[in-house]
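So you can see what is in the structure, the chains are spelled out below.
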Amino acid sequence: MKITKSIKFTKAKLESIKHTDKVQQFFDLSCEGLSLHVQPKPSLTKSYYASWGVKATGPDGKQKTSGRRRYICRFNQKPLDVVKRLINIKLPEWKKLNETSGGQTIETLVKDYISNGAGGYRIKAKGAKLKYKDKTTDHYKQLLECYVLGKTEKQELSDTLNKPYKLAENNYYKKSLPKILLKDISRSDVQIWHQKLEQRPTAANKALAALSIVFEWDSLKLKPMFKGVNPCLRIAKYQETKDKKFIDDYEKVTNIIKYTEEQQWRDPHFLTFYRSLMEEGERIEDHYGLLWKKPINKTDEKECTGWIDFRSKTLFLKDTKNREPAEVELTDEMIIMFQKLQNLVSEENSNASFAVGSKWVFPRPTDPTKHINENSYRVKLRNFHFKMGLTTREYVRGKGKRKVYRYTNHLTLKHLRKTFVTYYGRDKGLEAASFRMRHSSMEVTKNHYYNEKQEDLKTKHSIYKPAANVIDLKKAGNDQE
């Protein structure tokens, strides 16, 4: 057992302290960090120490403080004033040693990036100096918190990240990436963490890229935590299967078009939103904050993502994926649907009348003063896709009207963009589709959006077979039959 007290240090006071059968620690009230340790009998030793605390966040998220100390000298070996002066000068330096890479972990570095670095300028060697978009910033934070820090409710993923990883027979890797000290981290540690996520190749590659950005960001600081070379470099990534799913049944496409036009009154805002994604092929986020007309004040212009211009039959988008504004041509069918939506909003007791007075084209049903977000149409999309045969379900429990089903969505709203590109490209060509989507190259369109019609790629006859109307050459006199 240890006795701890705080007193004002004077030579006479310290000399009067007697040895007991217990360890005694005395802290100076007039000099931060100075302490005297008195050993129990039969020892007659008294020693000066520098003492301070280090805060750390445990795996449960709670902050804990642990003590640190540094031996100075024996009592009366140096004058008390000299010891105090030494403590005042050296204590900040000793504290700092505990805040460098020697005592910090991957978790500390990642949390520092999330708090202070995320949302800043893009980490890249070439190109203009651009800030990350909010969506990209949020995505990086989610990747780092889930796959690096291990903050997930999925037990299977948590076990994958934290349980020992078998390298060979009777050889297991037991380290947890976020708990590894920065001074000890190596490329092998990152590579094994990446291998643990083998069953999630896309997530593993994205998480590796996000972690690499953290190290690059740290290296650009005046006083980086990590002193070595980025350990994420030259780690081979998994081959990913590109998600190019689209509504490949043209009959279902025509049924959806017919339903959205004829049954628009049933759910005016959702069906118009769904159809606009099919007709324009633009990103989902660009449709959330659409206004009925061009804003007249800067506040509305800053809040919105774009607006409709009925006179020119265009949709103006402020900030598209290539960071440039764009004017998207609206089809006649889409203009008619928007006009019908306006009429339904103004009608009394219609399914769209809740939006009367709202400036948004697609307001939230719960609060028309705000536009929709990624969660607004989640259930409506599931039910609509089930009606159209794009979602399946299986019975779980219950009877009658209390039956509970488990739904499987085979397509989401983002696949409507791929559906548009595929049918637009089949009609007008891949180059036209790439230009229409404002992609940097046709390779981006082909690898991520466009699906070739396999029937058109088949060749029943040789492509070198001469045409039927080729004229036979005259035979020379010496030619034989």
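Refer to the structure above for everything that follows.
Residues numbered from 1 in each chain as written. Predicted model: local features only at pLDDT ≥ 70, side-chain atom pairs only at ≥ 80, totals over all residues. Heavy atoms only, no water.

Enquirer: An account of the overall build of the protein chain is requested, with residue identities and associated values reported.
Expert: Of regular secondary structure, the protein chain possesses 17 helices and 13 strands. Computed over the C-alpha atoms, the radius of gyration of the protein chain is 34 Å, more than 25% above the 23 Å expected from 2.2 N^0.38 for a compact globule of 481 residues. Projected onto its principal axes, the C-alpha positions of the protein chain cover 120 × 90 × 55 Å. The proportion of buried residues among the 481 residues of the protein chain is 37%. Sequence separation of at least 24 residues holds for 53% of the intrachain contacts in the protein chain that already meet a minimum separation of 6. Carbon and sulfur atoms make up 49% of the accessible area of the protein chain, which totals about 30600 Å². Counting 94 positive and 59 negative side-chain charges, the protein chain places the centres of these two groups 10 Å from one another. (Helix = DSSP H or I, 4+ residues; strand = E, 2+ residues; numbered from the N terminus. Rg over C-alpha atoms; globule rule 2.2 N^0.38 Å. Buried < 20%, exposed > 50% of the residue type's maximum accessible area, 1.4 Å probe, protein only. Contact = heavy atoms within 4.5 Å. Areas by Shrake-Rupley, 256 points an atom, 1.4 Å probe, with all protein chains shown as cover. Lys, Arg positive; Asp, Glu negative; His and termini not counted. Charge placed at Lys NZ, Arg CZ, Asp CG, Glu CD.)

Enquirer: Please give an account of the sheet that holds strand E8 (residues 290-291) that cites residues and values.
Expert: What the four strands build is an open sheet, ordered E8-E9-E10-E11; its pairing is mixed. This sheet does not close on itself; its edge strands, each paired only once, are E8 and strand E11 (326-329). Strand direction decides the pairing type here: strand E10 (residues 314-317) and E11, joined by four bridges, are antiparallel. Pairing of Thr 314 across the sheet is with Glu 329, part of E11. (Pairing = 2+ DSSP bridges.)

Enquirer: I'd love a proper account of the nonpolar core, names of residues and values included.
Expert: Core analysis: the largest hydrophobic core is formed by 39 residues, its most contacted members being Phe 273, Tyr 274 and Phe 362. Listing elements by their share of this core, those giving two or more residues are helix H8 (250-262), helix H9 (268-280), E10, helix H12 (332-346) and helix H13 (378-387). Among the elements that line this core, the one with the most residues is H12, at seven residues. Counting residues in each nonpolar core, the second largest holds 38 residues, with Tyr 113, Ile 114, Tyr 173 and Ala 203 among its members. (Core = buried A, V, L, I, M, F, W, Y, C linked by side-chain atoms within 4.5 Å.)

Enquirer: So what's going on with the packing of aromatic side chains? Which residues, and what values?
Expert: The final tally for this structure, using the stated rule, is 21 aromatic pairs. For the pair Tyr 49 and Tyr 71, a centre-to-centre distance of 5.5 Å together with 70° between the ring planes defines the contact as edge-to-face. Of the two residues, Tyr 49 is situated in strand E4 (residues 46-57) and Tyr 71 in strand E5 (residues 63-74); the sequence distance between them amounts to 22 residues. The interplanar angle of 75° and the centroid separation of 5.4 Å between the aromatic rings of Phe 270 and Tyr 377 together place this pair among those described as edge-to-face. With Phe 270 in helix H9 and Tyr 377 in the loop between H12 and H13, this pair connects stretches of sequence that are 107 residues apart. Look at Phe 270 and you get buried, because its relative accessible area is 3%. The buried category is assigned to Tyr 377, whose relative accessible area is 5%. Among the aromatic residues, those joined into a ring-pair cluster are Tyr 259, Phe 270, Phe 273, Tyr 274, Tyr 288, Phe 362, Tyr 377 and Phe 384. (Phe/Tyr/Trp six-rings, centres within 6.5 Å; stacked < 30°, edge-to-face > 60°.)

Enquirer: Could you give me a rundown of helix H5 (residues 155-162), with the residues and numbers involved?
Expert: Considered for burial, the residues of H5 that qualify are Leu 157, Ser 158 and Leu 161. Looking straight down H5, one finds its buried side chains confined to an arc of 100°; they lie on one side. The outward face of H5, more than 90 degrees from its buried face, is lined by the exposed residues Gln 155 and Glu 156. (Arc of directions from axis to C-beta.)

Enquirer: I'd like to hear about the side chain of Lys 133, residue by residue, with values.
Expert: Note on placement: Lys 133 falls in the loop between helix H3 (106-117) and helix H4 (134-148). A polar contact of 2.8 Å, which involves the side chain of Lys 133, links it to the backbone oxygen of Thr 320. Not counting chain neighbours up to four residues away, the residues in contact with Lys 133 comprise Arg 283, Asp 319, Thr 320, Lys 321 and Arg 323. (Polar contact = N/O pair within 3.5 Å; in protein donor to acceptor, adjacent residues only side chain to side chain.)

Enquirer: Help me get a handle on the environment of Lys 179, residues and values and all.
Expert: When you line up the elements, Lys 179 lands in the loop between strand E7 (171-173) and helix H6 (187-196). Separated by 93 residues in the primary sequence, Lys 179 and Thr 272 have C-alpha atoms spaced 50 Å apart. Within the local environment of Lys 179, its side chain forms a polar contact with the side chain of Glu 107, the two groups lying 2.9 Å apart.

Enquirer: Tell me about the pattern of salt bridges, residues and numbers included.
Expert: A full pass over the atoms with the stated rule returns 23 salt bridges. For Lys 133, the salt bridge is made with Asp 319, and the minimal N-O distance between the two is 3.5 Å. Residue Lys 133 is found in the loop between H3 and H4, and its partner Asp 319 is found in the loop between E10 and E11; the two are separated by 186 residues along the sequence. Here Glu 394 and Arg 406 are joined by a salt bridge, their closest N and O atoms 3.6 Å apart. Note that Glu 394 is positioned in strand E12 (residues 391-397) and Arg 406 in strand E13 (residues 404-409), a separation of twelve residues in sequence. A relative accessible area of 46% places Arg 406 in the partly exposed class. Connected through salt bridges with shared partners, the residues Glu 107, Lys 111 and Lys 179 form a single ionic network. (Salt bridge = Lys/Arg side-chain N within 4 Å of Asp/Glu carboxyl O.)

Enquirer: Give me the environment of Val 444: which residues, what numbers.
Expert: With respect to the helices and strands, Val 444 occurs in helix H16 (residues 442-448). We classify Val 444 as partly exposed; its relative accessible area is 27%. Once the C-alpha coordinates of Val 444 and Ser 434 are considered, the two residues, ten residues apart in sequence, prove to be 8.0 Å apart. The contacts of Val 444, once residues within four sequence positions are left out, are His 439 and Tyr 449.

Enquirer: Break down the packing of H3 against helix H7 (residues 201-219) for me, citing the residues and quoting the values.
Expert: Two packed helices can be described by the angle between their axes and the distance between those axes. Two numbers describe how H3 lies on H7: the axes approach to 10 Å, and their chain directions differ by 80°. When the axis of H3 is compared with that of H7, the two are roughly perpendicular. Between H3, through Ile 106, Leu 109, Val 110, Asp 112, Tyr 113, Asn 116 and Gly 117, and H7, the contact on the second element is made entirely by Leu 211, Ile 213, Val 214, Phe 215, Trp 217 and Asp 218. Tallied by class, residues from the contact of H3 with H7 come to nine nonpolar, two polar and two charged. (Axes fitted to C-alpha atoms, helices over the stretch in contact; angles between N-to-C directions. Parallel < 35°, antiparallel > 145°, perpendicular 65-115°, else oblique. Nonpolar A, V, L, I, M, F, W, Y, C, P; charged D, E, K, R; others polar.)

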